[in-house]
Amino acid sequence: TESLSVGELAKKLGREPSEIIKKLFMLGVMATINQELDKDAIELICADYGVEVEEEIKIDVTDLEVYFEQNEEDGADLSERPPVVTIMGHVDHGKTTLLDSIRQTKVTEGEAGGITQHIGAYQVVDNGKKITFLDTPGHAAFTTMRARGAKVTDLTILVVAADDGVMPQTVEAINHAKAAEVPIIVAVNKMDKPTANPDRVMQELTEHGLVPEDWGGDTIFVPVSALKGEGIDTLLEMILLVAEVAELKANPKRRAMGSVIEAQLDKGRGSVATLLVQDGTLHIGDPIVVGNTFGRVRAMVNDIGRRVKEAGPSTPVEITGLNDVPQAGDRFVVFEDEKTARQIGESRSSAAAVENRTEKSRVTLDNLFEQM
Ligand code: GDP
Ligand code: MG
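Under an unreviewed UniProt entry, the protein chain has the name Translation initiation factor IF-2 and belongs to Chungangia koreensis.

Report on the environment of glycine 50, specifying residues and quantitative values.
Its place among the elements puts glycine 50 in the loop between α3 (39–48) and α4 (64–70). Sequence separation between glycine 50 and aspartate 154 is 104 residues, and the spatial gap between their C-alpha atoms is 53 Å.

So, the site of ligand 1: which residues are in play, and what are the values?
Taken together, 15 residues lie around ligand 1, and Asp92, Lys95, Thr96, Thr97 and Asp192 are the ones closest in. Contacts to ligand 1 include histidine 93, whose backbone N or O atom sits 3.4 Å from an oxygen atom. Taking asparagine 189, its side chain carries an N or O atom lying 3.1 Å from an oxygen atom of ligand 1. In isolation ligand 1 has 580 Å² of accessible area, and contact with the protein removes 74% of it. Here the shell around ligand 1 takes three residues from helix α5 (residues 95–109), the largest share from any one element. Residue composition of the shell around ligand 1, by class: three nonpolar, seven polar and five charged.

Explain the confidence of the model for the protein chain residue by residue, including any values.
Per-chain confidence: the protein chain averages 86 in pLDDT, with 84% of residues scoring 70 or above. In the model, residues 362–372 has pLDDT below 50 throughout and makes zero contacts with residues more than four positions away in sequence or in other chains. For this predicted complex, the interface confidence score (ipTM) comes to 0.99, while the overall pTM stands at 0.78.

The rules behind these values
Residues numbered from 1 in each chain as written. Chains lettered and ligands numbered in written order. Predicted model: local features only at pLDDT ≥ 70, side-chain atom pairs only at ≥ 80, totals over all residues. Heavy atoms only, no water. Helix = DSSP H or I, 4+ residues; strand = E, 2+ residues; numbered from the N terminus. Near = heavy atom within 4 Å. Polar contact = N/O pair within 3.5 Å; in protein donor to acceptor, adjacent residues only side chain to side chain. Areas by Shrake-Rupley, 256 points an atom, 1.4 Å probe, with all protein chains shown as cover. Nonpolar A, V, L, I, M, F, W, Y, C, P; charged D, E, K, R; others polar. pLDDT = per-residue confidence, 0-100. Contact = heavy atoms within 4.5 Å.

What follows is the structure, encoded as structure tokens:
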């Protein structure tokens, strides 16, 4: 993609332009001094002078998102993408049970033998439309990921137990979602309990700005029993409704970008990372930079443990092939070629090492003051 004119190349090599023109002529290329040379021609000439071409990387290696945006092709081919949903709420109000219940309902409805494996996220299909659920605790998804600049959630389900009402972590969850400008759907859980009091939940949430539609507000409340699997279908319907209004779009035809959901070191497979593709399509073999790591996508496994060759927008996949373990919330971007991915990955990791050292000494100073 980079080019130089004959004159510029001559200057860089410390030669006369006429000499370069002559060489090009010998190579069968008729050129003038202002002619732009492509990468191949530049490399040929340089090789002839015994000079190795070191490509300058002009992008800011600290910001993968900027790179991604700069590389948006003309006439973006936008199409609808599934919503990415997180579940938040006070401890013991039923987040895990709800996630299990949603997955269970759909797995039994879906194809047989779908062994769910834990990769930190999963997808279900409702009325022919996909929904992606992040399986990581909602708070972690918001705090860690947002702290690292990743916005992965399109919508959040706030779980409130009908027998317990609004609790400190409920309020915290509301604040996180509001700060991130993520729409909230309230799941009033544990409706099967005799002590369930959904009116109280609505009353208390109204005080925090979540007013039910029946009361003139615009927050959707869905009564559910995660334990008994009741109300799940309605909840999924509401998710799709909110998603439709949000008009979530992506371009499946471009190179992929997205975020790390979780990552760890596996004894046999090396670095294993669950990525959420947020735009574009990720393929086996793609050269990739993930946070401060890089590599080629070696193998991809989906949320039901099947090997896949590609993953489109809003799809979670587990990949191997990275040189190191990235962190949850890190961004990833696919590059045109492996060489660029490696260069950028390496400079990012050395930049991070420098930052780390600075950070450490700063922390040490802070500690010193704390002790005084
Ligand atoms: P989390 O901390 O928010 O993930 O809550 P869990 O999903 O672990 O649920 C906490 C407890 O509440 C467990 O004992 C669940 O079985 C129970 N629970 C969750 N949902 C329901 C429900 O709809 N009805 C009843 N009766 N119990 C529930
Ligand atoms: Mg839980």
